[in-house]
Amino acid sequence: VEATLILVKPDGVARGLTGEILRRIEAKGYRLADLAYVHADRELLAAHYAEHEGKPFYEPLIEFMSSGPIVAIRAEGERVIEGFRVLAGTTDPTTAAPGTIRGDLGRDWGLRVQQNLVHGSDSVESAERELGLWFA
Ligand code: ATP
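Basis of the calculations
- All residue numbers here refer to positions counted from 1 along the written sequence of the relevant chain.
- Reporting in this predicted model follows two pLDDT cut-offs: at least 70 for local features of residues, and 80 or more for side-chain atom pairs to be given and counted; totals over whole chains, interfaces and linings ignore these cut-offs and use all residues.
- Side-chain metrics in this entry use all non-hydrogen atoms of the structure; hydrogen atoms and water are not considered.
- A run of H or I in DSSP becomes a helix once it reaches four residues, and a run of E becomes a strand once it reaches two; helices and strands are each numbered from the N terminus.
- Here the globule rule reads 2.2 Å times residues to the power 0.38, and the radius of gyration is calculated from C-alpha atoms.
- Note on classification: 1.4 Å probe, protein chains only; a residue is buried when its accessible area is under 20% of the maximum for its type, exposed when over 50%, partly exposed between these limits.
- By the convention used here, residues are in contact when the closest approach between their heavy atoms is within 4.5 Å.
- Residue-level accessible areas treat just the shown protein chains as cover; the underlying method is Shrake-Rupley with a 1.4 Å probe.
- The convention is simple: Lys and Arg are positive, Asp and Glu are negative, and His and the chain ends are not counted.
- Where a charge sits is defined by one atom per residue type, namely NZ (Lys), CZ (Arg), CG (Asp) or CD (Glu).
- Strand pairing is assigned whenever DSSP identifies at least 2 bridges connecting the two strands.
- An axis is simply a line fitted to the C-alpha atoms; with a helix, the fit covers only the stretch in contact. Between two such axes, the angle follows the N-to-C directions and lies from 0 to 180 degrees.

**A word on the overall build of the protein**
Link 1 in the chain: Looking only at helices and strands, the protein features 7 helices and 4 strands.
Link 2 in the chain: Shown N-terminal to C-terminal, the secondary structure of the protein runs as helices and strands in the order β-α-α-β-α-α-β-α-α-β-α.
Link 3 in the chain: Taking 2.2 N^0.38 as the reference for a compact globule, 136 residues should give roughly 14 Å; the C-alpha atoms of the protein span a radius of gyration of 14 Å, in line with that estimate.
Link 4 in the chain: With respect to the three principal axes, the spread of C-alpha positions in the protein is 35 × 35 × 25 Å.
Link 5 in the chain: When the 136 residues of the protein are sorted by exposure, 49% land in the buried category.
Link 6 in the chain: The contacts in the protein between residues at least 6 apart in sequence include a share of 75% that link residues at least 24 apart.
Link 7 in the chain: Summed over its atoms, the accessible surface of the protein is roughly 7,000 Å², and 50% of this surface lies on carbon and sulfur atoms.
Link 8 in the chain: Separation of charge centres in the protein, based on 15 positive and 21 negative side chains, amounts to 5 Å.

**Re helix H4 (residues 58–65)**
Link 1 in the chain: In terms of burial, H4 is largely enclosed, as 6 of its 8 residues are buried.
Link 2 in the chain: Taken together, the buried positions of H4 are Tyr58, Pro60, Leu61, Ile62, Phe64 and Met65.
Link 3 in the chain: Against strand E1 (3–8), helix H1 (10–14), helix H3 (42–48) and strand E3 (70–76) lie the buried residues of H4.

**A closer look at the sheet that holds strand E4 (residues 118–120)**
Link 1 in the chain: With respect to topology, 4 strands assemble into an open sheet ordered E2-E3-E1-E4, the strand pairing being antiparallel. The strands lining the two open edges of the sheet, one partner per strand, are strand E2 (31–38) and E4. When the angles between neighbouring strand axes are averaged without regard to direction, this sheet yields 20 degrees.
Link 2 in the chain: Inspection of the sheet shows E1 paired to E4 by 3 bridges, in the antiparallel sense. When the sheet's bridge partners are listed, Leu7 is paired in E4 with His119.

**Observations regarding the side chain of Thr4**
Link 1 in the chain: Within the element layout of this structure, Thr4 appears in strand E1.
Link 2 in the chain: Other than its neighbours up to four places away in sequence, Thr4 contacts Ile73, Arg74, Ala75, Val80, Ile81, Ser121, Ala127 and Leu131.

Below, the structure is given as structure tokens:
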């Protein structure tokens, strides 16, 4: 069965939305196969976001992701990688569709990094790589 890495980012944990986000994942029918409360260090975040190194939002992104605890989830289910990205909605919380996590709950304060509540792996390869990083 397929597996993906989902992160409830520091904004989601700080706003008390972890339960609501887990509820949506479970209600869809995905299994919470593993779950961890993580204070991510720079090394882990640099590995996780290696593809974004050098982009203008990279430093603010690493700073934001280090700003508080993260809830890391290994979720399993049929087509869970694609399915969770649909549940999450598009990157920008202002324009993410209503009905999605980011569309319903995300806020845009015009910060230098999009505080968009969640991360989900975008392919089988990244899911394997990212699960290896967060659940070593
Ligand atoms: P999606 O692929 O749906 O955008 P993602 O979380 O995988 O979700 P990435 O493009 O991998 O998005 O970017 C990683 C994170 O960096 C985003 O979730 C967001 O927090 C932040 N980010 C991405 N692009 C920008 C941007 N142009 N300005 C500010 N922050 C950004």
